[in-house]
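# Architecture and fold: a report
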Amino acid sequence: MFPHESPPDWSAAREELREATARAGWKPDLVADAELALLELFVNAWRHGGSAAPIVVIALIDHVLRVSVSDSSPIVPIQRDGSDLLAVSGRGLRLVRSLTDRFGTEPRESGKSCWFELDAAA
């Protein structure tokens, strides 16, 4: 079903995110939102982007957390409308949008990066 049998380990990316936000004194609820958004983008890169090991970049600058997850597929994700209540997938991008302040996709030389930003003051 998926291009790779088992999902890649995202614990290093999650730990980096936790350490960066802890050093900055972020509230636990914002950290939890960032972790869930990171997980969604990471799993999408594996499941739909065909990457056995998605590339994650985490930056915290001026109270803004920016997380970028890159994969090798040039296909830009499309947010579904959510009208199919029985669907087992398709809600991830809606979730990322609801948890974060900004979200987008950027083409790369080889594939794309999906990113989100979360403001500490949110």
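Now for a description of the structure that goes with this document. Owing to the predicted nature of the structure, the values given are computational and were not obtained by experimental measurement. (Residues numbered from 1 in each chain as written. Predicted model: local features only at pLDDT ≥ 70, side-chain atom pairs only at ≥ 80, totals over all residues. Heavy atoms only, no water.)

This part is about the pairing of strand β1 (residues 55-61). Sheet topology places β1 next to strand β2 (residues 64-71); seven bridges connect them, and they run antiparallel. Within the sheet, the bridge partner assigned to L60 lies in β2 and is L65. (Pairing = 2+ DSSP bridges. Helix = DSSP H or I, 4+ residues; strand = E, 2+ residues; numbered from the N terminus.)

This part is about unusual backbone geometry. A positive phi is found at D62, a non-glycine position, where the angle reads about 50 degrees. Tracing the backbone shows D62 in the loop between β1 and β2. For D62, a relative accessible area of 69% gives the class exposed. (Buried < 20%, exposed > 50% of the residue type's maximum accessible area, 1.4 Å probe, protein only.)

Now for the packing of helix α1 (residues 11-23) against helix α2 (residues 28-47). Where α1 contacts α2, the two axes come as close as 10 Å, and the packing angle between them is 155 degrees. With respect to α2, the element α1 is oriented roughly antiparallel. Taken as a pair, α1 and α2 cross one another with a handedness that is right-handed. Residues A13, R14, L17, R18 and T21 of α1 pack against V31, A34, E35 and L38 of α2. Looking at side-chain class alone, the contact of α1 with α2 contains five nonpolar, one polar and three charged residues. (Axes fitted to C-alpha atoms, helices over the stretch in contact; angles between N-to-C directions. Parallel < 35°, antiparallel > 145°, perpendicular 65-115°, else oblique. Left-handed = near helix turned anticlockwise from the far one by under 90°. Contact = heavy atoms within 4.5 Å. Nonpolar A, V, L, I, M, F, W, Y, C, P; charged D, E, K, R; others polar.)

Glancing now at the side chain of S113. You can see S113 is positioned in strand β4 (residues 111-119). Assessed through its relative accessible area of 1%, S113 is described here as buried. Other than its neighbours up to four places away in sequence, S113 contacts S68, V69, S70, G104, T105, E106 and R108.

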